[in-house]
Amino acid sequence: MVRVLTSQIEKFREASNTSRRNHSGATALHGLQSVAEALSDIHLYETSVLLRSPEPNTLQLDSLIRFALTISELDRAEHWLEQPQWHNDPRRHRSLRNLWLQQKGQTDQLKRELLDAFQRGPDLYNLEASWLLADEQERRQLCLQVEELAEPPDDVYDRVTMLITVNSLDKAAQLLVHYHNELRFYHYTALQTWPSSESRN
């Protein structure tokens, strides 16, 4: 097995010397990644990515981290979460870090970070993630904060969704009536995605 993998790596390296798009090199790389997945081997998987791109972009980092989490290689996931490329993709980084903290069982820290992020910049993503982990007292506080957000909202659809998320249905209805013209740009199927209050509990 090691001999086969070594051969595949060398094929890709040789192909890369002439053209990174060389078909045989790409095939070897795909084979290496498939073996890494079959063996649940994080180091082989990392090799398959780094041979293609020594400085992986955030999509490739996403792939590395998700694979590491899948096989419980939490230290390697943390390593890839610390790469400077994430400055260009903070939301994806935040989502992956949330998964990492959750898998580590650090729910309290995850909750603190989500609530802090919502305090700094209230948005739908932070609210939905915070709401799922919040206790009753924290949910009441989140509800008050959402209801007190300044108007007019930058995005009526998001604000209404936030109000529905915290079960503030009367306020959501008021907002819909007042800013209904803002929603004419949305396809009706987008409005059908609004959850019922029961589904948020």
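In what follows, the structure referred to is the one given above.
Residues numbered from 1 in each chain as written. Predicted model: local features only at pLDDT ≥ 70, side-chain atom pairs only at ≥ 80, totals over all residues. Heavy atoms only, no water.

1. Considerations on the layout of surface pockets
Then step 1. Here the largest pocket defines a volume of roughly 180 Å³.
Then step 2. Taken together, S95, N98, L99, Q102, L110, L114, Y125, E128, A129, L132 and L133 make up the full set of residues lining the largest pocket.
Then step 3. If you list the elements that add at least two residues to the lining of the largest pocket, you get helix 6 (90-104), helix 7 (107-120) and helix 8 (124-133).
Then step 4. In terms of residue count, helix 8 provides more of the lining of the largest pocket than any other element does, five residues in total.
Then step 5. Tallied by class, residues from the lining of the largest pocket come to seven nonpolar, three polar and one charged. (1 Å grid on protein atoms, 1.4 Å probe; cavity = no way out; pocket = protein on both sides within 12 Å on 5 of 7 lines; lining within 4 Å. Points joined across faces, edges and corners; volume = space filled by probe spheres on them. Helix = DSSP H or I, 4+ residues; strand = E, 2+ residues; numbered from the N terminus. Nonpolar A, V, L, I, M, F, W, Y, C, P; charged D, E, K, R; others polar.)

2. Quick word on the nonpolar core
Then step 1. Residues Y45, L64, I65, A77 and W100 are the most contacted members of the largest nonpolar core, which totals 26 residues.
Then step 2. Elements supplying a minimum of two residues to this core: helix 2 (23-39), helix 3 (42-52), helix 4 (58-70), helix 5 (74-81), helix 6 and helix 7.
Then step 3. Broken down by element, the residue count for this core peaks at six residues, all from helix 4.
Then step 4. Once residues within four sequence positions are removed from consideration, Y45 is found in contact with Q33, A36, E37, S63, L64 and F67.
Then step 5. M162, L163, I164 and L183 belong to the second-largest nonpolar core, a separate cluster that totals 21 residues. (Core = buried A, V, L, I, M, F, W, Y, C linked by side-chain atoms within 4.5 Å. Buried < 20%, exposed > 50% of the residue type's maximum accessible area, 1.4 Å probe, protein only. Contact = heavy atoms within 4.5 Å.)

3. Overview of the environment of S48
Then step 1. Take S48: it is sitting in helix 3.
Then step 2. Expressed as a C-alpha distance, the spacing of S48 and H30, which sit 18 residues apart in the sequence, is 7.6 Å.
Then step 3. Discounting residues that sit within four places of it in the chain, S48 has contacts with L29, L32 and Q33.
Then step 4. Side-chain polar atoms of S48 contact the backbone oxygen of Y45, separated by 2.6 Å. (Polar contact = N/O pair within 3.5 Å; in protein donor to acceptor, adjacent residues only side chain to side chain.)

4. Considering the pattern of salt bridges
Then step 1. Applying the stated rule across the entire model yields nine salt bridges.
Then step 2. Linking D89 and R92 is a salt bridge whose minimum nitrogen-to-oxygen distance equals 2.7 Å.
Then step 3. By relative accessible area, which is 29% here, R92 ends up partly exposed.
Then step 4. For D123, the salt bridge identified is with R94, shortest N-O distance 3.8 Å. Of this pair, D123 sits in the loop between helix 7 and helix 8 while R94 sits in helix 6, and the two are 29 residues apart along the sequence.
Then step 5. For D123, a relative accessible area of 18% corresponds to the buried category.
Then step 6. The class for R94 is partly exposed, based on a relative accessible area of 23%.
Then step 7. Among the charged side chains, a network of salt bridges with common partners joins D62, R66, D89 and R92. (Salt bridge = Lys/Arg side-chain N within 4 Å of Asp/Glu carboxyl O.)

5. Section: the packing of helix 3 against helix 4
Then step 1. Viewed as axis vectors pointing N to C, helix 3 and helix 4 meet at an angle of 175 degrees, and their least axial separation amounts to 10 Å. Comparing their axes, helix 4 and helix 3 come out roughly antiparallel. Seen from helix 3, the contacting residues are I42, Y45, E46, V49 and R52; seen from helix 4, they are Q60, S63, L64, F67 and A68.
Then step 2. By residue class, the composition of the contact of helix 3 with helix 4 is six nonpolar, two polar and two charged. (Axes fitted to C-alpha atoms, helices over the stretch in contact; angles between N-to-C directions. Parallel < 35°, antiparallel > 145°, perpendicular 65-115°, else oblique.)

6. Here we look at the packing of aromatic side chains
Then step 1. For the coordinates displayed, the defined rule picks out one aromatic pair.
Then step 2. Here Y45 and F67 contribute two aromatic rings whose centre-to-centre distance is 4.1 Å and whose plane-to-plane angle is 15 degrees, an arrangement assigned as stacked. Taken together, the residues Y45 in helix 3 and F67 in helix 4 connect sequence positions 22 residues apart.
Then step 3. Residue F67 is classed as buried on the basis of its relative accessible area of 10%. (Phe/Tyr/Trp six-rings, centres within 6.5 Å; stacked < 30°, edge-to-face > 60°.)

7. Quick look at helix 8
Then step 1. When we look at burial in helix 8, the residues that qualify are L124, N126, L127, A129, S130 and W131.
Then step 2. Buried residues along helix 8 sit against helix 6, helix 7, helix 9 (136-147) and helix 10 (156-165).
Then step 3. The N-terminus of helix 8 is capped by D123, whose side-chain oxygen sits 3.4 Å from the backbone nitrogen of Y125.

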